[in-house]
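As a plain string of letters, each chain reads:
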Amino acid sequence: MALHTNESDHLSPLGSLDWMGSAELDQPERELVTGFRAALQEGLAVGIKTLDIDSRMHLVNNPDKAIDQQLLGDVERKGYAGHFVVSPEYAWLQGEALGNFRIMRSGRAETSAHQVFFGALQADGDNDRGLLVAVKPCIERSSTACSDWLNAHLARRAGERSFQPVGYLLHEGRGYSVTELDRGVETLDNSEWRQVMLDEGNPNYAGQIELLGDIAARLAGLHKKNIFHEDPQFKNIALDISGEMFFIDWESSTFFQGAVEQSVLQHKMEHDLKVLFGSMARSVEDNGVGLLHIFKHPIQWQLFKKYIFDPYMETYLSDEGEDDSRFEVLAEVEATLQHYIESGAIYESLKRHRGHHN
């Protein structure tokens, strides 16, 4: 039985958005879109299944194991291969005939390894209304679509903002994670950062410099909750039209419940901060933002410490308490980061990566 029959309750008027035909896509992108359309057609024909993460939380019973790891196996076992698996908020899709997917032209280049594309789920013949979505194809491992969907739910449960997870599809060895599109959001890699540190006192860059402290505070806030993003690059940090900052792309994230062993905590903190530094220190050509790219390694550390690590540390220690282990962990993290940055390890890694692919 359909939960809803009045599609106007849920579908948005699309207005004058910029659509494109499949023929305009390059061959690799066209194949991705074609694959998603086939998965969608099968998913709707086989049937939509609703999966409620809240109903599975009783499976989280090992305090030493990450929440996402404890739940992902259950999600994968349920699988519902072939079905369109949706979040409870989208159970109404069972009552709609949204079998058409129309591609929306993106105004920016996608740097995601998953080649996200945008469009609208629509009923055949109805070009006026639809559900705007972002689709992330998961080619190498179809189960990544499950973890992307799951972790977006876990982030929201923890009070963190994320794109609304619609659902996922598994089809012919590929996975597709679908989120509702928020058109008022822009990721930080779409701004020009290369000149910011060359003229720190320039009022034109004051807003971007302020954003660096916000990034540090947001990341520390996650870590205080024992949440580790695992890929906090600028392309995965977003701003909405009101100026609110939040992380996106939670696919690789780790969520712990309760205390975390000190060595694990230190390792996870170091990893997130190294990834953030890498995004700032890599050139635009290497999929970074070039903020620190031109500086010598000791200067990179000084700038990273001033604008990221110090405000990160201040936020992490902001709660009252006498937990000395926090200071010990932060001291180890700082020493490790300083060595990593001043040694130029990230650039050696890039050289090895290029050599591997040449």
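Residues numbered from 1 in each chain as written. Predicted model: local features only at pLDDT ≥ 70, side-chain atom pairs only at ≥ 80, totals over all residues. Heavy atoms only, no water.

J.: Quick one: what's the story with the confidence of the model for the protein, residue by residue and with numbers?
T.: Of the residues in the protein, 92% have a pLDDT of 70 or more, and the chain-wide mean is 88. Across the protein, element-level confidence peaks in strand β11 (residues 227-228) with a mean pLDDT of 98 and bottoms out in helix α8 (residues 345-357) with 71. For the stretch residues 1-8, pLDDT sits under 50, and the model shows 14 contacts to residues farther than four places along the chain or on other chains. (pLDDT = per-residue confidence, 0-100. Helix = DSSP H or I, 4+ residues; strand = E, 2+ residues; numbered from the N terminus. Contact = heavy atoms within 4.5 Å.)

J.: Talk me through helix α2 (residues 67-78); I want residue IDs and the actual numbers.
T.: Its twelve residues place the ends of α2 17 Å apart at the C-alpha level, agreeing with the 16 Å of an ideal helix rising 1.5 Å per residue. Residues Ile67, Asp68, Gln70, Leu71, Leu72, Asp74 and Val75 constitute the buried set of α2. Summarising the contacts, the buried residues of α2 are in contact with α3 (144-157), β8 (165-171) and β14 (254-255). Once α2 finishes, Tyr80 follows within two positions and takes phi at roughly 50°, a positive value. (Expected span 1.5 Å × (residues − 1). Buried < 20%, exposed > 50% of the residue type's maximum accessible area, 1.4 Å probe, protein only.)

J.: With reference to specific residues and values, describe the packing of helix α5 (residues 262-281) against helix α6 (residues 297-316).
T.: The N-to-C vectors of α5 and α6 enclose an angle of 140°; their axes lie 12 Å apart at closest approach. Considering their axes alone, α5 and α6 lie oblique with respect to each other. Our pair here, α5 against α6, has a crossing hand that is right-handed. Residues Leu265, Met269, Leu273, Leu276, Phe277, Met280 and Ala281 of α5 pack against Gln300, Phe304, Ile308, Phe309, Tyr312 and Tyr316 of α6. Among the residues making up the contact of α5 with α6, the classes are represented as twelve nonpolar, one polar and no charged. (Axes fitted to C-alpha atoms, helices over the stretch in contact; angles between N-to-C directions. Parallel < 35°, antiparallel > 145°, perpendicular 65-115°, else oblique. Left-handed = near helix turned anticlockwise from the far one by under 90°. Nonpolar A, V, L, I, M, F, W, Y, C, P; charged D, E, K, R; others polar.)

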